[in-house]
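These are the residues of each chain, in order.
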Amino acid sequence: CDKSLLFYVEKVAFCATLNENGPYGPFPQSKDVPFNKVYTNIGNCYNCSTGVFTAPVEGVYYFSFFYHAGGKTPSGMQLVKNGQMIVQSGDHGSKCDTAYNGGNAAVLQLKKHDRVCVQLLANHHVWGGGDSTTFNGFLLS
Ligand SMILES: *[C@@H]1O[C@H](CO)[C@@H](O)[C@H](O)[C@H]1NC(C)=O
């Protein structure tokens, strides 16, 4: 995370999508999702190989995630701060639904070095193509 850049730009904002060209998961344990296609990363505080955003300064931040998923397998994700679930979204698998869309968002007061990421819930999946599964965040103040 580039603090010298932050000093000049005074902005922190990122937008990343999951680019797997297919389904992502299910896995037996919940898993930090590395949203690996980065559209915006002002301040460079989002790490696309781990999927973790690290707060460069204390402040109020907004985060959101959205996903698309096939309907037969359960789908679900959660926003996690320092390993603790904050908000989540999920859906049961069903024989008759062909697809789901879900997401959630939170305004969080973070301290410097707090870590925020989105996890795939254990035994759930999402779709990792078409820029339909996304993670966004920015510093409000
Ligand atoms: C992202 O995280 C990985 C694993 O912790 C680390 O090796 C890498 O240097 C980080 N990338 C950046 C740009 O900070």
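Residues numbered from 1 in each chain as written. Predicted model: local features only at pLDDT ≥ 70, side-chain atom pairs only at ≥ 80, totals over all residues. Heavy atoms only, no water.

In the nomenclature of an unreviewed UniProt entry, the chain is known as Complement C1q-like protein 4 of Sparus aurata. Here is the UniProt Subcellular location (unreviewed entry) comment for the chain, exactly as written: "Secreted". (UniProt positions renumbered as here; feature names shortened; annotations may be inferred.)

Which parts of the structure should I look at to understand the packing of aromatic side chains?
How two aromatic rings sit relative to each other is set out by the distance from centre to centre and by the angle between their planes. Following the criterion strictly, the structure yields twelve aromatic pairs and no others. Note on F14 and F63: the rings are 6.4 Å apart at their centroids and 50° apart in plane angle, and the pair reads as tilted. With a gap of 49 residues between them, F14 in strand β1 (residues 13-17) and F63 in strand β7 (residues 59-70) connect regions that are remote in the sequence. Among the residues examined, F63 registers a relative accessible area of 0% and is labelled buried. Taking 6.2 Å as the distance between ring centres and 15° as the angle between the ring planes, the aromatic pair formed by Y61 and F63 counts as stacked. F63 carries the same exposure label as Y61, and that label is buried. Put simply, the rings of F14, F35, Y46, F53, Y61, F63 and F135 pair up and form one aromatic cluster. The ring of F27 carries K31 above its face, with NZ or CZ at 5.3 Å from the centroid. (Phe/Tyr/Trp six-rings, centres within 6.5 Å; stacked < 30°, edge-to-face > 60°. Helix = DSSP H or I, 4+ residues; strand = E, 2+ residues; numbered from the N terminus. Buried < 20%, exposed > 50% of the residue type's maximum accessible area, 1.4 Å probe, protein only. Lys NZ or Arg CZ within 6 Å of the ring centre and 35° of its normal.)

I'm lost on the sheet that holds β1 in this one. Help?
Each strand in a sheet pairs with its neighbour through backbone hydrogen bonds, running either in the same direction (parallel) or in the opposite one (antiparallel). The five strands are arranged β4-β1-β13-β7-β10 in an open sheet whose pairing can be described as antiparallel. Every other strand in the sheet has two partners, leaving β4 (37-42) and β10 (99-110) as the edge strands with one partner each. For this sheet the average axis-to-axis angle between neighbouring strands, irrespective of direction, equals 5°. Relative to β4, β1 is paired through five bridges, and the arrangement is antiparallel. Looking across to β4, one finds that F14 is bridged to N41. (Pairing = 2+ DSSP bridges. Axes fitted to C-alpha atoms, helices over the stretch in contact; angles between N-to-C directions.)

Explanation requested: the side chain of T134 in the structure shown.
Its place among the elements puts T134 in strand β13 (residues 134-139). Beyond its immediate sequence surroundings of up to four residues, T134 is in contact with A16, T17, F35, S64, F65 and F66. (Contact = heavy atoms within 4.5 Å.)

What am I meant to see in a nonpolar patch on the surface here?
On the surface, V107, F138 and L140 cluster together into a nonpolar patch covering about 270 Å² of accessible area. Considering the arrangement of structural elements, one finds V107 in strand β10. For V107, a relative accessible area of 51% gives the class exposed. (Patch = residues over 30% accessible without salt bridge, like charges linked within 9 Å, V, L, I, M, F, W, Y side chains within 5 Å. Areas by Shrake-Rupley, 256 points an atom, 1.4 Å probe, with all protein chains shown as cover. Salt bridge = Lys/Arg side-chain N within 4 Å of Asp/Glu carboxyl O.)

Hey, could you run me through the site of the ligand in this one?
All residues in the neighbourhood of the ligand are listed as N47, S49 and T50. Protein coverage of the free-state accessible area of the ligand, which is 360 Å², stands at 29%. (Near = heavy atom within 4 Å.)

Sorry if this is basic, but what is going on with unusual backbone geometry here?
One can expect most non-glycine residues to show negative phi and most peptide bonds to be in trans. Of the consecutive residues G25 and P26, the connecting peptide bond is found in the cis state with omega at 0°. Its location among the elements puts P26 in the loop between β2 (23-24) and β3 (31-32). Even without a glycine there, the phi angle at N82 is positive, about 50°. Along the chain, the position of N82 falls in the loop between β8 (75-81) and β9 (84-91). Although it is not a glycine, N123 sits at a positive phi angle of roughly 65°. In this structure, N123 sits in the loop between β11 (115-120) and β12 (126-127).

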